[in-house]
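What follows is each chain in one-letter form.
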Amino acid sequence: MECPEAPDHSTPLEALMGEVQDAESETQAREIANRMWEYWADAPNAQAQAILDRGMTKRSAFDFLGALADFDQLIAYCPEYAEGYNQRAFVHYLRRDFESALTDLDRALELSPRHIAAMSGRALSLYGLSRLEEAREALAAALKLNPWLPERYLADPGGPLAPPGAGDVEL
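Keep in mind the model is a prediction, meaning the values are calculated, not measured.

Draft legend 1. Structural view of the pattern of salt bridges. This structure, assessed with the given rule, holds 14 salt bridges. Close ionic contact of E14 with R114 constitutes a salt bridge, the shortest N to O distance being 2.6 Å. With a gap of 100 residues between them, E14 in helix α1 (residues 10-22) and R114 in the loop between α6 (98-111) and α7 (116-128) connect regions that are remote in the sequence. Among the residues examined, E14 registers a relative accessible area of 36% and is labelled partly exposed. Here R114 falls in the partly exposed class, since its relative accessible area comes to 37%. We note a salt bridge from R131 to E134, for which the minimum N-O separation is 2.8 Å.

Structure follows, in structure tokens:
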């Protein structure tokens, strides 16, 4: 059986991005972000959904090799579904394989250019590779879409991804 096209959730996701930018609290922003995940994790069909869910369950249980096997299977079955790459990238990231994470995140973003979680994952992977300027740019792009991301503190003055000169103190 061939994987059907992934559902197009761009319209409700764009609406949620507008909502999260207007959120007045971190709690409100987190609730909106959780609604975004419902769309990102909506696989093309029941078979793909079962593989995705199984891989995410294994990842949560720290069965990283099992999760990778599931996400490899999902990507082989549904090569145009961004979340397969995003989830596999997350496992690579957790295993500190930042290069592999970056490769998968770049593919996820080709398929879903405004996938905020993939954007922030890309920033964290670049940071893990000490590619600070690229990490700064990637995080800034993600924060434009969701200013409440937990990673936002990395860009605060004095943080490792703060813009150069931010927070510098004259002596």
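Having seen the structure, we can now continue with the description.
Draft legend 2. Representation of the environment of P160 in the model. For P160, the position within the fold is in the segment after α8 (132-145). Put simply, P160 and F71 are 89 residues apart on the chain and 31 Å apart in space, counted from C-alpha to C-alpha. Ignoring sequence-local partners within four residues, the contact set of P160 consists of Y127, L132, R136 and L154.

Reading guide: rules and limits
- Residues numbered from 1 in each chain as written.
- Predicted model: local features only at pLDDT ≥ 70, side-chain atom pairs only at ≥ 80, totals over all residues.
- Heavy atoms only, no water.
- Salt bridge = Lys/Arg side-chain N within 4 Å of Asp/Glu carboxyl O.
- Helix = DSSP H or I, 4+ residues; strand = E, 2+ residues; numbered from the N terminus.
- Buried < 20%, exposed > 50% of the residue type's maximum accessible area, 1.4 Å probe, protein only.
- Contact = heavy atoms within 4.5 Å.

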